[in-house]
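Given next are the chains, with one letter for each unit.
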Amino acid sequence: MCGIAGQFNFQRGEPVERETIVRMARSIAHRGPDDEGFFIAGPVGLGFRRLSIIDLASGHQPMSDAEETVWIIFNGEIYNYKELRGELQSKGHQFRTNSDTEVIIHGYKEWGTDVFNHLNGMFGLAIWDVRKQRLVVARDAMGIKLVYYRLADGQLTFGSEIRAVLAAYDTAPQVDASALNLFLRFRYTPSPYTIFQGVRKLAPGTLLVVEKGKCREERWYNFVPTPFATPKKDKEAVSELLDLYKHAVQRHLLSDVPVGILLSGGVDSGLLLALMNEHGGSWPAYTVGYGKSFADDELFDAAETASLLGARHVTVMLDQGEFERSLPKIVECLEEPIATSSIVPMYFVSQRARQNVKVALIGQGPDELFGGYKRHLGVHYGNWWRGMPAGLRSMAGFAVNRLPRNEMLKRGVRSLASEDRLKRYQDVFSLAATETVDGLFRDDVLPPSNSDELVDSWRELLPQMKYTDELGGFQLLEVRSSLPDELLMYADKLSMAHSLEVRVPYLDRTVVEYVQCLGANLKVRNGTRKWLHRQVCQSYLSSRILKRKKRGFASNVVDQWFQSSLNGSLPDVLLDETSLVFGLLDPKPVRRLLESHQSGRQDNHKLLFSLVMIEQWLRGVHSHQHHMAKVDPSPVRQVV
């Protein structure tokens, strides 16, 4: 688990400057405090920071084969590397280390870029093929690890974080107004966009191939979920899913350093802990608490789960003051604004866990895979809504829109009526109507747009959705877009800010691909969400745990803090016309948005939180010029 950075002058072929690669790599030293390494060869330069997890003694990177014909920098973990190693050895490949990194090198020599379809794991990596003078940069299928890049003037610059890309240049980047518009609509910036002009985010399951003076982007992961020829019976599906879970957890526990779990009070992390217990015991379990005054504080629930399952429970206490004080530094770690209150507990629980462990498992995934959110009910039963007579649907929609607040219900009524599948899904994801968000911007700030940028980026996924039902199609896009670009993005950034590797067993490829082939009836049944997943949980968790209210790291508490803060200091940034955000937005509609929320007519707290996050982000960009920072050019290990 590490940080990668590199540059390739693929058109003119001028030499890469060593100082540039060093500066890029050291800008992400927090991702890899244990070691660093560099490979500089004419027009290509690779930099690496290492957090040692597997093969502590011989896992130094950049790594090559014995003939030095293939070089790699690799951030992530390959969980099936031992099986692949055996397969490659049977084909005559000889290994010099016990690391998963070397398996990718020999896999590339054997299969070319198809090696990625053999890997079960998480990765952001770059491979330099000396003989072909080809650079390949790739991101894992589920998008658990990140790769950012800038392509300009015949030069590709890339890294695990945006700061590594920006460190290669002397000029400050500009805010991309179109990407900012997307952020306000979805509370994250979807791939391939980022909030910075000229900086892109490699989408999950895609790669860049740079050779012969050209750079092309390809989708290497093209799994097409196809319903099982014989629909799975309930008991059969429960048994098969449990078996997949067991093997995934076993693989994700592979480590040469201490491992723990980030534990909420819910069923997902509870089941994960129970499955971990089949391979050890007394795991350290870390939970965020907010004090006795909050009914939504899940500290008690998590403590009970830990006690029942024999874990060593460790608590992290937060209060509202710490929440407000911590926002600026958390936004700085994220690099791009993310408007979800879960970022605060994620930052602090990662900080505490790193005091004891280098690796932590986390229970993200089942909500997206099995339909754990309220929006999944709307999508699943949306055909019923669209099948209503137009007049009756219009009357019901009119009544809903007259309700005070209830913005989520209003968005659902608006979005589910759309006949275009991708447009319908986009509207479900949206926090607010396109015209509402567009109206917040100053005149002439936004370029001409069809407002369907996200839909356009999804179109190449339509072949993968060919056989999915309505819910399955929506969930496929979640796994390709909102999950990696929001939840997994902040999990990676905020854990690696503390040099902690977070692993996501529920997103093991074997699990995801199996679940995507199941019908909606095994996910949402009679209004019950995550039906099949909960059936598996019954084998390990008590009915008391299964009946708990969904809290999600108690983010409801942080939501309450934010909403109460809207009557305190946080609105100041939205009322102060000197705030940086008003260089792009019009103060008048923003003020109206705040007033309608405070009056109780509308519930705009999510959109207002997004606006505050933008202001916090802009202030961080202005006060911390990471790309201009001077880096100590002390001697480093270098491979030439």
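See the structure above.
Residues numbered from 1 in each chain as written. Predicted model: local features only at pLDDT ≥ 70, side-chain atom pairs only at ≥ 80, totals over all residues. Heavy atoms only, no water.

**Side note on the sheet that holds strand β6 (residues 121–129)**
With antiparallel pairing, 6 strands are arranged side by side in an open sheet as β4-β5-β6-β7-β11-β12. One side of each edge strand has no neighbouring strand; the edge strands of this open sheet are β4 (63–64) and β12 (214–219). Strand direction decides the pairing type here: β6 and strand β7 (residues 134–139), joined by 6 bridges, are antiparallel. By the bridge assignment for β7, I127 is matched with V136. (Pairing = 2+ DSSP bridges. Helix = DSSP H or I, 4+ residues; strand = E, 2+ residues; numbered from the N terminus.)

**Some remarks on the packing of helix α10 (residues 343–353) against helix α19 (residues 470–496)**
Here α10 crosses α19 at 35°, and the two axes come no closer than 8 Å. Relative to α19, α10 is oriented so that their crossing is right-handed. For the pair α10 and α19, the contacting residues are I343, M346, Y347 and S350 in the first and Y490, A491, L494 and S495 in the second. Residue composition of the contact of α10 with α19, by class: 6 nonpolar, 2 polar and no charged. (Axes fitted to C-alpha atoms, helices over the stretch in contact; angles between N-to-C directions. Left-handed = near helix turned anticlockwise from the far one by under 90°. Contact = heavy atoms within 4.5 Å. Nonpolar A, V, L, I, M, F, W, Y, C, P; charged D, E, K, R; others polar.)

**A closer look at the packing of helix α6 (residues 234–252) against helix α20 (residues 509–516)**
Direction vectors running N to C along α6 and α20 enclose 160°, while the axes themselves pass 9 Å from each other. By the angle between their directions, the pair α6 and α20 is classed as roughly antiparallel. The hand of the α6/α20 crossing is left-handed. Facing α6, whose interface residues are E236, A237, E240, L241, L244, Y245, A248 and R251, α20 presents T510, V511, Y514 and V515. Here the contact of α6 with α20 is composed, by residue class, of 8 nonpolar, 1 polar and 3 charged. (Parallel < 35°, antiparallel > 145°, perpendicular 65-115°, else oblique.)

**Quick notes on helix α25 (residues 587–598)**
Taking 1.5 Å as the rise per residue, α25 with 12 residues should run 16 Å; its terminal C-alpha atoms sit 16 Å apart, in good agreement. Every buried residue belonging to α25 is among P587, P589, V590, L593, L594, S596 and H597, and all of these are buried. Residue D586 occupies the N-cap position of α25, its side-chain oxygen lying 3.1 Å from the main-chain nitrogen of K588. Residue G600 follows α25 closely and has a positive phi angle near 90°. (Expected span 1.5 Å × (residues − 1). Buried < 20%, exposed > 50% of the residue type's maximum accessible area, 1.4 Å probe, protein only. Polar contact = N/O pair within 3.5 Å; in protein donor to acceptor, adjacent residues only side chain to side chain.)

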